[in-house]
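So the chains spell out like this:
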Amino acid sequence: MDLAARTSAFYYSLLDEFCIIIMAIFLFTTLIDADRNKYRLRLINLMISLIAFCLVDTFWVLVYWDVLPRTQLLRTISNVFLYCAINICSFSMFQMLNGCLELVSPTKYNKKIPFIPFFAMIALAITTPWTGLLFSIDESGDLHRGILYIPFMIGIMGNLLFASIRAMVLAFRPENEANKELCLLVAFYGLPILIGGILRAFYVSMPSVAFGTSISVILFFVMSIREQVSMDSLTGINNRRQGERFFIRQIRTLNQKEGESDGGLYLFMADLDKFKGINDSYGHAEGDNALIVTAEALREACSQYADRCMLCRFGGDEFVLGGLFWSDEQADSFCALLKKAVAEKCARLELPYTISLSIGYERYRPEYKTLKNLLTAADKKMYRQKRGR
């Protein structure tokens, strides 16, 4: 083996080991987290599959560059492992992307259908030493692609391409305006591994799949950190910080506008009636459930105004909503919609208690000057309604 081959094998394997270290750190961070929702479980599966792929990829390159004996058997085994690992990585990424999109638009087809092509391609890779359909290794150790190599690679990349296209389509549907940012992020998350797979199909000695998948996982972690910063951990809606950012941005925009606007900025302050009674009678766990149910109902109601509405948990049992409406009459209708949504949600779930809301709102006017003054005005109206109830 010449110096150039040894150097190529060394740097290739070094890049694989670097990806393994990064993924191992992320995996450890995820495993020690107490949260075990479907999103994190899919992320764990993706990182484990990537670590396994990098190990297989390292074995493959050592055989490819003759660091390990270049025998027909060893080259066959390394390629079978490689194509299985690529397929598993791609499918894990697809499951991750599809899981994110399920939050926006649940699919109606059987969730087991994508497993059919996945297992078919695994079977193709395992049986190819006898069939030669995917690849073949001659007696000198040279690799020859089979007639199903291109369809195999298209199938692997097709899942990711399908998820990215679906995410892009969902992003520009009017009813998904509130989730547009998530859909666009999902559309781009699959691109690194998609590009990496395409490059690998043409340049077999390039560790592009490991790098592409690592970049995607890093992007997922960035999104997770962003969610922790911007989302309320109990209810899954925006937290107070995000709500304040929304209003400050809207107030600045309104102050800069001249002439006609898209409507007035309204701030709604909603508070659960007799929430302390729920905690005292049913326990704090049920009190938390009441907050979750309320948040879900409010989010469903806000989806009808997705292009002009924001919802956040402001603290305790208080929720703040912001929206652009043309008149107080439209704002009153919105309040009625919120109360109706909560009542119907409680009825469907057959809760042993009733959740009702007191809601006060105020339209922003230049004389308020700050968000604090706007909040105070809405809060006073909300407590005035609560005392009246």
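The coordinates are above.
In this convention, every chain numbers its residues from 1, walking through the sequence in written order. Note on the predicted model: pLDDT of at least 70 is required for a residue's local features to be given, and 80 or more for side-chain atom pairs to be given and counted; whole-chain, interface and lining totals, by contrast, use all residues. Based on all heavy atoms of the structure, the side-chain values leave hydrogens and waters out of the count.

A. Seen up close, the overall build of the protein. The numbering of helices and of strands both runs from the N terminus, where a helix is a DSSP run of H or I of at least 4 residues and a strand a run of E of at least 2. When you go through the protein residue by residue, the secondary structure sums to 13 helices and six strands. Radius of gyration (C-alpha) of the protein: 27 Å, far over the 21 Å computed for a compact globule of 389 residues. Expressed along its principal axes, the backbone C-alpha trace of the protein runs to roughly 90 × 50 × 35 Å. Residues classed as buried in the protein amount to 47% of the 389 residues present. We call two residues in contact whenever any of their non-hydrogen atoms come within 4.5 Å of each other. Look at the contacts in the protein between residues 6 or more apart in sequence, and 70% of them connect residues 24 or more apart. Counted charges follow a simple rule, with Lys and Arg positive, Asp and Glu negative, and His plus the chain ends left uncounted. Where a charge sits is defined by one atom per residue type, namely NZ (Lys), CZ (Arg), CG (Asp) or CD (Glu). Once the 41 positive and 38 negative side-chain charges of the protein are each reduced to a mean point, those two points are 3 Å apart. Radius of gyration means the value over C-alpha atoms here, while the globule rule gives 2.2 Å times the residue count to the 0.38 power. Each residue is placed in one exposure class: buried if its accessible area under a 1.4 Å probe, protein chains only, is under 20% of its type's maximum, exposed if it is over 50%, and partly exposed if it falls in between.

B. Representation of the pairing of strand β6 (residues 357–363) within the structure. The element β6 is extensively covered by neighbouring structure, given that six of its seven residues are classed as buried. Pairing geometry for strand β3 (residues 264–272) and β6, over seven bridges, is antiparallel. The residue bridging A270 from the neighbouring strand is I359, located in β6. One requirement defines pairing of two strands: DSSP has to find at least two bridges between them.

C. Structural detail: the environment of A270. Looking at where A270 falls in the secondary structure, it is placed in strand β3. Taking the C-alpha atoms as reference points, A270 and D138, separated by 132 residues in sequence, lie 73 Å from one another. Excluding its chain neighbours within four sequence positions, the residues that come into contact with A270 are D317, E318, F319, L321, S358 and I359.

D. Region of interest: the environment of T107. Tracing the backbone through its elements, the reader meets T107 in the loop between α3 (72–102) and α4 (115–131). For T107, the contacting residues outside a window of four places in its chain are E102 and R166.

E. Spotlight on a positive patch on the surface. Each patch is assembled from residues with relative accessible area greater than 30% and no salt bridge, linking like charges that lie within 9 Å and nonpolar side chains (Val, Leu, Ile, Met, Phe, Trp, Tyr) that lie within 5 Å. Note on areas: these come from Shrake-Rupley sampling with a 1.4 Å probe, and a residue is covered only by the protein chains present in the view. Here a salt bridge means any side-chain nitrogen of Lys or Arg lying within 4 Å of a carboxyl oxygen belonging to Asp or Glu. A contiguous patch of positive charge on the surface is contributed by R241, R245, R249 and R252. Following the sequence through the fold, R245 ends up in helix α9 (residues 240–256).

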